Amino acid sequence: AFLDLGKFAFAVQAWGWARYHREFRYLGHDLTLLNVSRPDERWIDGDEFHFVARPYLHAHVLLLSAHVTGDYAGHRLGQGPVASPFEDVHFVHTGTRVINIRNRCGADRHFPGNRERILDTFVVAIMRNVIEGRTTLLVSKKKSKQLCAEYLSSRLAGWGVHVRFVLEDDPLPAVPDPRVIPIIHYGVLGVNNYTDYETCYCLNSYYIRSSELNRTVQEFEPKHFRTELEIVTTPDRRREVRVSTTDTADAERAWLGEVYLRKLEVDPVIQAAGRVRFLTRPREVVFFQMDDLERDLGPIQEVQSLTELREVLGIPSAREIDDAIDGQRAADLMATGKTAAEAAQVLGFSRETLFRRLRAVGSVRFHKRVSLRDSDTPPPFSGSPEGVS
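Here goes a summary of the coordinates provided.

### Focus on the environment of Phe8
Locating Phe8 in the fold gives a position in helix α1 (residues 2-20). Separated by 125 residues in the primary sequence, Phe8 and Gly133 place their C-alpha atoms 67 Å from one another.

Now the structure itself:
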């Protein structure tokens, strides 16, 4: 009987393809799933018939995943709560430093207007890493990667720091090079080439829209049972899920929204930075989220602004480096016999500004050991072109 059914299915598909070509769709598999679906998870919406096709689980099941919680798995499988004995266990390498910038300026809506200010902070951290021989991995929204790479490359070149940014599938050196800096995007899958990189910086934030959350959370529900959810930012800069209808209080649906928010929004961020294996190796990682990352990572260091981030990292501002470089150029001109006024005229600023720049030369230090003069680095490896690839 099984063979007869298989032959019949083949005949139906052959006839359908011959008559309708690419417009033909075989419904046999869907009808099989319909047969095992739950009666309370079938409904009619206008001319459309809907049903929820869940996995057929009638045996013991073990899920192995670093990013699937028991609550999420239980809802997706329709099995209710799923035992997750290690869900509250956090571990991180004692040599790892995790920092999170809890500020809205990294969001899609605000990033364009704050891009240079944000990247000016990270470019100094990159410069410090190059000077100290540490490797760097950067994470960005996919649509912003090219702009970030171009700005960072231009900024570093102006300071005499020669690096190459790798955006896509260009080859990386066999051994990570501080002067070759890959930029990956949130959601990247199947890439494990960055396990030996020592630092990871998220250049912007990764957030989902309320519409995406609703579509995913409520796809199992008929329209007349759905409760609209919205993602809001609290006064203390935390993102959370609320029921958007003011006259409806649905704590269970809001809780479920929180479960999905973490899966759709927090997991991709941790997964991207996790390419450097910061949980098991000593790393420096900077996130840029208004989400509670401690629920997944344990205690981390949070900052509210870019200024506070610079203080925590112990780095100067890009403006201070600009001033110090101008001061070094002034000092070099004066060393050739030019007066302060002549040097100022060549550089295009006043004599008073020149002396302020000269004072800045001695103030820029990295870890009180490396001076600005040490920033000159050789060109990238193997004769690769400087800049972006």
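### Let's talk about the pairing of strand β8 (residues 229-233)
Strand direction decides the pairing type here: β8 and strand β9 (residues 239-243), joined by 5 bridges, are antiparallel. Paired with Leu229 across the strands is Val243, a residue of β9. Joining the antiparallel neighbours β8 and β9 is a turn of 5 residues, in which Arg237 adopts a positive phi near 65°.

### Notes on the environment of Arg275
For Arg275, the location among the structural elements is in the loop between α7 (251-273) and β10 (284-287). Overall, Arg275 belongs to the buried group, its relative accessible area being 9%. Sequence separation between Arg275 and Asp169 is 106 residues, and the spatial gap between their C-alpha atoms is 16 Å. Among the polar contacts listed, one links the side chain of Arg275 to the backbone oxygen of Val188, at a separation of 2.7 Å.

### Description of a nonpolar patch on the surface
Together, Leu33, Val36 and Tyr56 make up an exposed nonpolar region whose accessible area comes to about 310 Å². When you line up the elements, Leu33 lands in helix α2 (residues 28-36).

### Focus on the pattern of salt bridges
Per the counting criterion, the structure on display carries 23 salt bridges. When the shortest N-O distance is used, the salt bridge between Asp326 and Arg357 registers 3.6 Å. On the criterion of sequence distance, the pair formed by Asp326 in helix α10 (residues 318-335) and Arg357 in helix α12 (residues 351-361) is long-range, its members being 31 residues apart. What emerges from the salt-bridge pattern is a single network uniting Arg319, Asp323, Asp326, Arg329 and Arg357.

### A look at the environment of Gly133
On the secondary structure map, Gly133 appears in the loop between α4 (111-132) and β4 (136-140). Along the backbone, Gly133 and Pro178 are 45 residues apart, and their C-alpha atoms lie at a distance of 5.7 Å. Non-local contacts of Gly133, meaning those with residues more than four positions away in its chain, are made with Pro178 and Glu198.

About the criteria used
- Residues numbered from 1 in each chain as written.
- Predicted model: local features only at pLDDT ≥ 70, side-chain atom pairs only at ≥ 80, totals over all residues.
- Heavy atoms only, no water.
- Helix = DSSP H or I, 4+ residues; strand = E, 2+ residues; numbered from the N terminus.
- Pairing = 2+ DSSP bridges.
- Buried < 20%, exposed > 50% of the residue type's maximum accessible area, 1.4 Å probe, protein only.
- Polar contact = N/O pair within 3.5 Å; in protein donor to acceptor, adjacent residues only side chain to side chain.
- Patch = residues over 30% accessible without salt bridge, like charges linked within 9 Å, V, L, I, M, F, W, Y side chains within 5 Å.
- Areas by Shrake-Rupley, 256 points an atom, 1.4 Å probe, with all protein chains shown as cover.
- Salt bridge = Lys/Arg side-chain N within 4 Å of Asp/Glu carboxyl O.
- Contact = heavy atoms within 4.5 Å.

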